[in-house]
Each structure stands twice: as C-alpha cells, then as structure tokens.
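# Summary of the model geometry
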Amino acid sequence: MNNRINMKKSLIIITYSLFFSAIAFAQNTLTIEQCQRMAKENYPLIKRYGLIERSKEYNLSNAGKGYLPQFSLSGKASYQSEVTKIPIDIQGIDIKGLSKDQYSATIDVTQTIWDGGVISSKKDITKASSYAEQKQLDVDMYKIVYQVNQMYFGILLLDARLKQNALLQEELQRNFDLISSYITNGIANQSDLDAIKVEQLKTVQNKAQIVSNKKAYFDMLGILIGQKLNENIILPKPNANNLTISSQVKRPELELFDAQLVNLETQKKAIKAGYMPKLGLFLTGGYGKPALNMLNNDFSAYYIGGIRLSWNFGSLYTQKNDRKLIETNQDNITTSRETFLFNTSLETSQEQNEINKNKDLLKYDDDIVILRNNVKRATEAKVANGTSTVIDLMRDVNAEDLAKQDRIQHEIELLQAIYNLKYTTNN
C-alpha cells in the first residue's frame, strides 16, 4: 500500500514538473529553481531511487520467507564391510543378520516457531540500510544544484556584459561620428578617428568572445537539464530583495549521518538475536532398508516428528567486540557530522561576508558611474574646444565602461553569493 502511494506521489510530482517546464518553455523563460528541478530529474543517478526501493522489497520478501516451512531431500546407498549381529543362537530360530547393502531416502521438513528475533532483525537492517542508501543518493543528487547555479549565474553575467558591450559600441559610434564632423571642420585629424576605430574593433572582438562563452555556458546548462537551449531563452535575474537568507543548516548530509547511525543501531540489536535460543518443529519421512526397525531387513517407510530447541553459544565469545566495533563506527559518524557542521559554519561565514562586501560595493557603484560619465562629458567638451585629445576621451570612455562593468559584476556576484549561501545551508 505504501509503495503504491509513493508511486502515485512520484507520478504526480513528475507530471507537475513536466507541466511547469512546458509552461516555462512556452513563455521562453527559465528560472533558476526550474533549472535545478529539471537537472535533478534529468540526472541519470535519479534512477537509483527506484532500484534501491526494488532491492529493499526483494530483501524484505526473502527475509519474510524464513517463516515458511523449509524442505530438504536426501538419499543414500551404502555397502559396509560388517553389520551388527546378535551374539546368541537359539535352537530352532533362524535370526537373520542385517544386509551389508543399505538404502535410504528421506525428506525433512522444519518449521520455525521462534528464531530469537533473527528474521525481524534482518528486516530492520534491510529497511535501515535502504534508507541510508537513499540519503546517500540525496547527497549525491544535491551536488548538481551547485553546478546549475554556476552555469546560470555565468550566463547572467555574460548576458549583462553583452548588453553593456552593445551600449559601448553605440557610445563609440557616437564619438566616431562626432570626431568625423570635427575632421570636416578641421578640429581633429585622421589619427583621432583611427584611435576610436581601434576601440571599436576591440569592442567587437570582445563581443565575439562573450558570445562564444555564453553559448558554451548555454550548452552545458542544456546538458544538465536535458533540454536543447538557444540564446532566445530568457533566464530571469533573481531579485535579491525577495531572497530569504537563513543560517540554519538543512543539508541532506545531516539526514545521511542520522540514517547511518540508525543503521548501526539496528545492527547492534541484531547481535542479541544471534545468541538467542531457536525453537522449531521438524518432521522426517523416509523409505529405506533398514528403516527404524534395525532388525527388519526389508524396505519400509517411516517417519519421525517432534520439536527441537537449539542454542548456539559461539556468538557470545565475539558479541562484546562486535558491539564495541559498532560503537566505534558510530563515534566515527558523529565525528564526521561535527566536522561537516564545522566546515559548513566556516563556509557560511565566508559567504555571508561575500554578501556584505558586494552590498557595500553596490552602494557606491551608481555614484562612480555617474561621476565617470561627468568626466567623459567634460572631456568631450574639451576635445571640441581643442584643449584635450581623443586619446584622453577614449581613456575616459573606457573608464566609464569599466565602472559599469564593475557594477554588473558586483550585482551578479551578490546574487551568486546569496545562492551559494542557500546551497550551503539548503534554505
């Protein structure tokens, strides 16, 4: 019943995911959250969830069959050099000895009544191991979120630089036209125009590099999410003001550590079941010569039935060390958990500092861009008056462009730092 419910839930989740993915492509947009979800669904490792569940069901079924009657069939034919004889002679009575050739075929049936908890322990271990495998898979699947984030923000940064490149080309063309008019009026010369042309060519060259890098990032993101992407797909930039940041760690690794501890605890309980007494019924049916009556030298059928109690004390010799070994493994997992939380705390602190740094830098970026624009305008006026050179103007144009590039860089780095923190804490 639970499996059917889980399967229904999985089908519903997949259906909704495909539905929203279709909507996203129909609208020609793809958010970072949609990319993360699609990447998980496309990752080949996701198939292991079904395989783990299937293996668990098989193992549970096999363990449960330990309560079914167990059958065994055996046969034997033998010849022996000597047989048992009665050491007395009675006059008038012929007592035949046993044949030296003997035959038997038996079928044994055993039924467990109480196994000391062995089967129950096997089921508990199977469930705990399967759960730990699923949590390990969660950890492996979670890593793809980081890859998606890197591709997504890489595209956003390149896209912003591409737009800025277009603005720079417009600015350079405006200056080219302006200097061309100055040449006509005798204020500037051809070398001034050549200086602008060099900057235009460098800008075109830079655009080609940005376009190439953006295509490579799109191709990698498309592989991750299992979709053929083109540059017409819009990747919306997340709004930093709407993003919630929490320092509480909810990483899947913590659930993995808990699952591993539970798994070891079930193994510890299984140690006790190993040295508990076992109680069961048995029935043996046979046909042979001789049968139960050793004095009867003819073939005959027979049976033996009863109840059997067995108690193996051999595991008592090692149970103390077995417990200590499991406890040592539990301590190792606890240490790994503490180390993970310690390292995560360091990463969280670094990422929070990165967020604060970019926020501080963004406070001044707009003012710097405005001031750089003022300086450029002033230089344009000086060039028109003949008190400054085109080289000075290109320097100020590039300085303004660099200031705008810095603002773009800081804005994207702020968003990426926020999402890195969200990844580190899984919030």
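Everything below is about the structure shown above.
These remarks concern the structure in this document.

Reading the values: rules and limits
- Residues numbered from 1 in each chain as written.
- Predicted model: local features only at pLDDT ≥ 70, side-chain atom pairs only at ≥ 80, totals over all residues.
- Heavy atoms only, no water.
- Helix = DSSP H or I, 4+ residues; strand = E, 2+ residues; numbered from the N terminus.
- Rg over C-alpha atoms; globule rule 2.2 N^0.38 Å.
- Buried < 20%, exposed > 50% of the residue type's maximum accessible area, 1.4 Å probe, protein only.
- Lys, Arg positive; Asp, Glu negative; His and termini not counted.
- Charge placed at Lys NZ, Arg CZ, Asp CG, Glu CD.
- Pairing = 2+ DSSP bridges.
- Axes fitted to C-alpha atoms, helices over the stretch in contact; angles between N-to-C directions.
- Parallel < 35°, antiparallel > 145°, perpendicular 65-115°, else oblique.
- Contact = heavy atoms within 4.5 Å.
- Nonpolar A, V, L, I, M, F, W, Y, C, P; charged D, E, K, R; others polar.
- Expected span 1.5 Å × (residues − 1).
- Patch = residues over 30% accessible without salt bridge, like charges linked within 9 Å, V, L, I, M, F, W, Y side chains within 5 Å.
- Areas by Shrake-Rupley, 256 points an atom, 1.4 Å probe, with all protein chains shown as cover.
- Salt bridge = Lys/Arg side-chain N within 4 Å of Asp/Glu carboxyl O.
- Phe/Tyr/Trp six-rings, centres within 6.5 Å; stacked < 30°, edge-to-face > 60°.
- Polar contact = N/O pair within 3.5 Å; in protein donor to acceptor, adjacent residues only side chain to side chain.
- Core = buried A, V, L, I, M, F, W, Y, C linked by side-chain atoms within 4.5 Å.

Another point: the overall build of the chain. Within the chain, the secondary structure is distributed over eight helices and four strands. Each helix (α) and strand (β) of the chain, taken in turn from the N terminus, gives the series α-α-α-β-β-α-α-α-β-β-α-α. Computed over its C-alpha atoms, the radius of gyration of the chain comes to 41 Å, more than 25% above the 22 Å expected for a compact globule of 427 residues. The C-alpha extent of the chain, read off along each of the three principal axes, is 155 × 40 × 40 Å. Looking at the 427 residues of the chain, the share that counts as buried comes to 33%. In the chain, 52 positive and 47 negative side-chain charges are present, and the distance between their average locations comes to 7 Å.

Here four strands make up an open sheet; going across it, the order is β1-β2-β3-β4 and the pairing antiparallel. Two strands lie at the open edges of the sheet, namely β1 (70-79) and β4 (300-310), each paired on one side alone. If you compare each strand with its neighbour and ignore which way they point, the axes differ by 20° on average. Both β1 and strand β2 (residues 101-114) contribute to a ladder of 10 bridges, which runs antiparallel. By the bridge assignment, L73 is partnered in β2 with I107.

This part takes up the packing of helix α3 (residues 47-64) against helix α4 (residues 118-184). Contact geometry for α3 and α4: axes closest at 9 Å, N-to-C directions at 175°. It follows from the interaxial angle that α3 and α4 lie roughly antiparallel. The residues of α4 that touch α3, namely those facing R48, Y49, I52, E53, K56, N59, L60, A63 and G64, are I119, K122, K123, T126, K127, S130, E133, Q134, L137, D138 and M141. The residue makeup of the contact of α3 with α4, split by class, is seven nonpolar, five polar and eight charged.

Along its 67 residues, α4 runs 100 Å from first to last C-alpha, staying within 8% of the 99 Å computed at 1.5 Å per residue. One or two steps after α4, the chain reaches G186, where phi turns positive at roughly 80°.

This part covers a nonpolar patch on the surface. Among the surface-exposed residues, I113, W114, L281 and I307 lie close enough to one another that they form a single nonpolar patch of about 390 Å² accessible area. Residue placement: I113 occurs in strand β2.

This part is about the packing of aromatic side chains. Enumeration over the complete set of coordinates arrives at seven aromatic pairs. Measuring from centroid to centroid gives 4.7 Å for Y142 and Y423, while their planes differ by 5°, and the two rings are stacked. Taken as a pair, Y142 in helix α4 and Y423 in helix α8 (residues 390-425) lie far apart in primary sequence, 281 residues in all. Looking at Y142, the relative accessible area reads 8%, which means it is buried. Ring centres of Y146 and Y423 lie 5.5 Å apart, and the angle between their planes is 50°; this geometry places the pair in the tilted category. In this pair, Y146 sits in helix α4 while Y423 sits in helix α8, placing the two residues 277 residues apart along the sequence.

When you line up the elements, D396 lands in helix α8. With near-sequence residues (within four places) excluded, D396 lies in contact with V375, K376 and T379.

We now examine the side chain of E380. Looking at the element boundaries, E380 is found in helix α7 (residues 319-385). Accessibility expressed as a relative area gives 9% for E380, which makes it buried. Of the polar contacts made by the side chain of E380, one reaches the side chain of R174; its length is 2.4 Å. Once you skip the residues sitting within four places of it in the chain, E380 turns out to touch E171, R174, N175, Y182 and L393.

What follows is about α8. Here α8 contains 36 residues, and its C-alpha end-to-end distance of 52 Å stays within 8% of the 52 Å for a straight helix at 1.5 Å per residue. The buried fraction of α8 is high, at 26 of 36 residues. Two residues or fewer past α8, N426 is found with a positive phi of approximately 60°.

This part is about the nonpolar core. Among the nonpolar cores identified, the biggest contains 30 residues, and L30, C35, F153, L221, I225, L229 and L235 are the most heavily contacted of them. Elements represented by at least two residues in this core include exactly α2 (32-42), α4, α5 (190-225) and α8. Excluding residues within four positions of it along the chain, C35 makes contact with L30, V148, Y152, L221 and I225. Of all hydrophobic cores here, the second largest spans 13 residues; its members include I179, A188, L393 and V397.

Everything listed here is a matter of geometry and, on its own, says nothing about what the molecule does.
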